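One-letter residues, chain by chain:
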Amino acid sequence: MKNLIQPIKGTREFYPEQMALRNFIYEKVRAVSQAFGYQEWDGPYIESIDLYAAKSGEELVKKQSFVFEDRGGDLVALRPELTPSLARMIAARQNELTFPLRWWSFGPFWRYEQPQKGRSREFFQWNIDLLGVDSPEADAELIAVAAAFLRSVGLDPRRTAVFVNNRRLMDAQFDALDIPHEKRLEISNLIDRRSKMDSAKWDANALELGLNEKQLDAMKNVLGDYDLWKKNEELVRLFAALEALGVKEYVQFDPNIMRGLLYYTGTVFEAFEISGSLKRAILGGGRYDNLLADVGGQPLPAVGFAMGDVVIGIILQESGLVPEFHPSPASVLVTVFDESMLAKSYALSSTLRRAGVNVMVYPEPARLQKQFKFADKMKLRIAITIGPDEAEKGQVAVKDLKSGAQQIVPEDAAVEFVGHLLESQ
RNA sequence: GUGCCUGUAGCUCAACGGCAGAGCGCCACACUGUGGAUGUGGAUGUUGUGGGUUCGAAACCCAUCAGGCACCCCA
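Parameters and conventions
- Residues numbered from 1 in each chain as written.
- Chains lettered and ligands numbered in written order.
- Predicted model: local features only at pLDDT ≥ 70, side-chain atom pairs only at ≥ 80, totals over all residues.
- Heavy atoms only, no water.
- Core = buried A, V, L, I, M, F, W, Y, C linked by side-chain atoms within 4.5 Å.
- Buried < 20%, exposed > 50% of the residue type's maximum accessible area, 1.4 Å probe, protein only.
- Helix = DSSP H or I, 4+ residues; strand = E, 2+ residues; numbered from the N terminus.
- Contact = heavy atoms within 4.5 Å.
- Phe/Tyr/Trp six-rings, centres within 6.5 Å; stacked < 30°, edge-to-face > 60°.
- Lys NZ or Arg CZ within 6 Å of the ring centre and 35° of its normal.
- Salt bridge = Lys/Arg side-chain N within 4 Å of Asp/Glu carboxyl O.
- Arc of directions from axis to C-beta.
- Axes fitted to C-alpha atoms, helices over the stretch in contact; angles between N-to-C directions.
- Parallel < 35°, antiparallel > 145°, perpendicular 65-115°, else oblique.
- Nonpolar A, V, L, I, M, F, W, Y, C, P; charged D, E, K, R; others polar.
- Near = heavy atom within 4 Å.
- Polar contact = N/O pair within 3.5 Å; in protein donor to acceptor, adjacent residues only side chain to side chain.

J.: Could you give an account of the nonpolar core, naming the residues involved and the relevant values?
T.: Ranked by internal contacts, the top residues of the largest apolar core, which has 92 residues, are Trp126, Phe149, Trp202, Met219, Ile282, Phe305 and Met307. Sort the elements by how many residues they give to this core and helix α5 (residues 136-152) lands first, with 11 residues. Not counting residues up to four positions away in its chain, the partners in contact with Met219 are Phe174, Leu177, Ile179, Ile187, Ile191 and Trp202. Within the second largest apolar cluster, 22 residues are counted, among which are Tyr362, Leu380, Val396 and Val409.

J.: Break down the packing of aromatic side chains for me, citing the residues and quoting the values.
T.: Evaluation of the coordinates by the stated rule reveals 14 aromatic pairs. Ring plane angle 40 degrees and centroid distance 5.2 Å describe the contact between Trp41 and Trp103, whose orientation is recorded as tilted. Of this pair, Trp41 sits in the loop between β1 (39-40) and β2 (46-48) while Trp103 sits in strand β5 (residues 101-110), placing them 62 residues apart in sequence. Residue Trp41 is classed as buried on the basis of its relative accessible area of 10%. Seen from their ring centres, Trp229 and Phe239 are 4.8 Å apart, and the 50 degrees between their planes marks the pair as tilted. Of this pair, Trp229 sits in the loop between α9 (213-223) and α10 (233-244) while Phe239 sits in helix α10, and the two are 10 residues apart along the sequence. In terms of burial, Trp229 and Phe239 fall into one category: buried. Chaining the aromatic ring pairs together yields one cluster made of Phe14, Tyr26, Trp104, Phe106 and Phe124. Taking NZ or CZ as reference, Arg79 lies 4.1 Å from the ring centre of Phe109, over its face. If you follow Arg194 out to its NZ or CZ, it ends over the ring of Trp202, 5.2 Å from the centre.

J.: Can you lay out the pattern of salt bridges for me, pointing to particular residues and giving the numbers?
T.: Applying the stated rule across the entire model yields 18 salt bridges. Linking Arg184 and Asp175 is a salt bridge whose minimum nitrogen-to-oxygen distance equals 2.8 Å. Here Arg184 falls in the buried class, since its relative accessible area comes to 7%. Among the residues examined, Asp175 registers a relative accessible area of 41% and is labelled partly exposed. One network of salt bridges, in which partners are shared, links Asp134, Asp139, Arg287 and Asp289.

J.: Lay out helix α14 (residues 368-377) with the relevant residues and their values.
T.: Those residues of α14 not exposed but buried are Gln371, Phe372 and Ala375. Projected down its long axis, α14 shows its buried positions confined to an angular sector of 95 degrees, all on one face. Facing away from the buried side of α14, by more than 90 degrees, are the exposed residues Lys370, Lys373, Asp376 and Lys377. Of the surrounding elements, those touching the buried residues of α14 are β12 (332-334), β14 (382-385) and β15 (395-400). At the C-terminal side of α14, Lys379 shows a positive phi close to 55 degrees.

J.: Tell me about the packing of helix α1 (residues 16-35) against helix α12 (residues 309-318), and name the residues and values.
T.: Viewed as axis vectors pointing N to C, α1 and α12 meet at an angle of 105 degrees, and their least axial separation amounts to 11 Å. By the criterion of interaxial angle, the relationship of α1 to α12 is roughly perpendicular. Seen from α1, the contacting residues are Leu21, Phe24 and Ile25; seen from α12, they are Asp309, Ile312, Gly313, Leu316 and Gln317. Across the contact of α1 with α12, the residue classes tally to 5 nonpolar, 2 polar and 1 charged.

J.: With reference to specific residues and values, describe the protein's contact with RNA strand B.
T.: Around RNA strand B lies a shell of 44 residues, among which Glu113, Arg119, Arg367, Lys377 and Leu401 are the nearest. A distance of 3.3 Å is found between a phosphate oxygen of RNA strand B and a side-chain nitrogen or oxygen belonging to Gln116. Sorting the residues of the surface near RNA strand B by element identifies β6 (122-131), β10 (283-287), β11 (302-308), α14 and α15 (388-393) as the ones contributing at least two each. With 6 residues, the single largest contributor to the surface near RNA strand B is α14. Looking at the surface near RNA strand B residue by residue, the classes come out as 12 nonpolar, 13 polar and 19 charged.

Here it is, written out as structure tokens:
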């Protein structure tokens with residue numbers, strides 16, 4: 001045991017129970033995506049480093065990507081995000097695709113980070129994007145998709161919320177405060193961290209970045225003004241659309257949401273658990289209208305978001321929202337009484353399978369006690385035994401493991417009897 | 001890359017300089033044609049690794065590896 005080679009730091013091992021959670025998230029993601037008419041797609045898992053160097057932030061490419069040299073000497077990266085692949089694939093077929101385009105994807109990504117709660121180096125991410133429409137209503141649709149997902153997994157508005165802001169609105173505030181353009185990125189990053197820092201320290205940092213006292217006070221007024229959205233026509237329309245879409249109770253305006261990524265141009269949003277142990281975004285996204293042109297395509301407006309599987313997985317578990325784990329997909333165990341009964345047991349299992357029942361056969365003769373214990377641990381519904389007594393009369397013993405009742409039925413009636421038992425939940 | 005914390009049985013942990021233990025789980029039996037409950041018994045460890053201090057180290061010191069948490073960044 002001590003000599004096991006350890007898995008690579010930050011990678012994920014999905015034992016059946018974790019796999020069930022991953023599949024649960026995937027199923028919910030798919031259902032919501034399809035409910036809004038989005039098409040599933042995927043890109044390559046490895047890409048040339050150049051794809052990211054063109055537009056992703058330096059941090060993401062240089063420090064957070066798994067980069068290596070292939071046998072031809074080219075630098076390739078395990079994809080740290082999907083949007084550049086999306087932009088390229090769309091640009092390559094821009095004249096043949098039918099817009100507006102609604103695409104979603106769920107697949108693995110890699111980032112070289114320090115693993116900690118809510119963060120691993122290998123993770124699955126849901127990406128969903130609407131391309132070709134530039135309107136607050138399109139932004140609202142994506143936020144509605146996010147809210148619909150939260151609702152579908154059982155997270156209600158008391159527990160989770162989507163916080164919305166708008167980059168253009170904030171830029172107008174920066175203009176009004178005479179904050180120079182070259183400082184806005186750092187100040188935005190600082191605003192992003194505001195909820196995690198104590199206020200005195202935050203103030204000190206802001207002054208250090210070059211704000212004067214007057215600007216700092218005015219900035220704090222802006223960041224505390226939760227009615228600021230009423231001054232922005234885009235946000236007024238956005239909230240009207242959210243109300244019509246039936247998700248308004250999930251959404252709040254918050255001027256402190258900035259988001260680090262450089263390419264956002266308008267609406268930005270992030271979903272959080274309101275009172276949980278985790279101060280990490282469940283999902284985040286926004287409008288990015290310049291990206292297609294940046295990678296060499298025709299200009300194309302776009303809005304989308306991404307959700308990692310790690311944070312939502314922790315929240316679902318901590319909230320008790322993960323469905324009960326069923327160790328085995330089978331509902332029936334056919335026991336093996338002894339060597340001479342092996343063939344009969346296999347034959348019965350085959351008959352049941354052809355009738356559409358998921359069936360396991362105990363793989364060797366063993367004490368029935370052991371076999372029933374196994375069936376119990378695997379949470380199977382039914383155990384069937386064919387011993388000498390049954391075999392002699394052409395019968396089988398069917399036991400309902402939930403009620404404990406066992407019934408002897410003719411062999412050729414077994415399929416029907418098992419079917420009834422399984423239907424009776 | 002920086003800081004703090006933790007590595008003891010399959011799991012959760014105790015022992016904090018003096019014989020390495022408990023609970024859960026596992027296996028067997030009570031009960032050789034039937035699971036969940038109960039009882040009895042049993043197996044499992046180079047105490048992460050390497051070195052040092054000491055009559056004596058799981059414990060103290062150094063190094064190293066691994067993990068967790070936070071910073072950074074972000075899904």
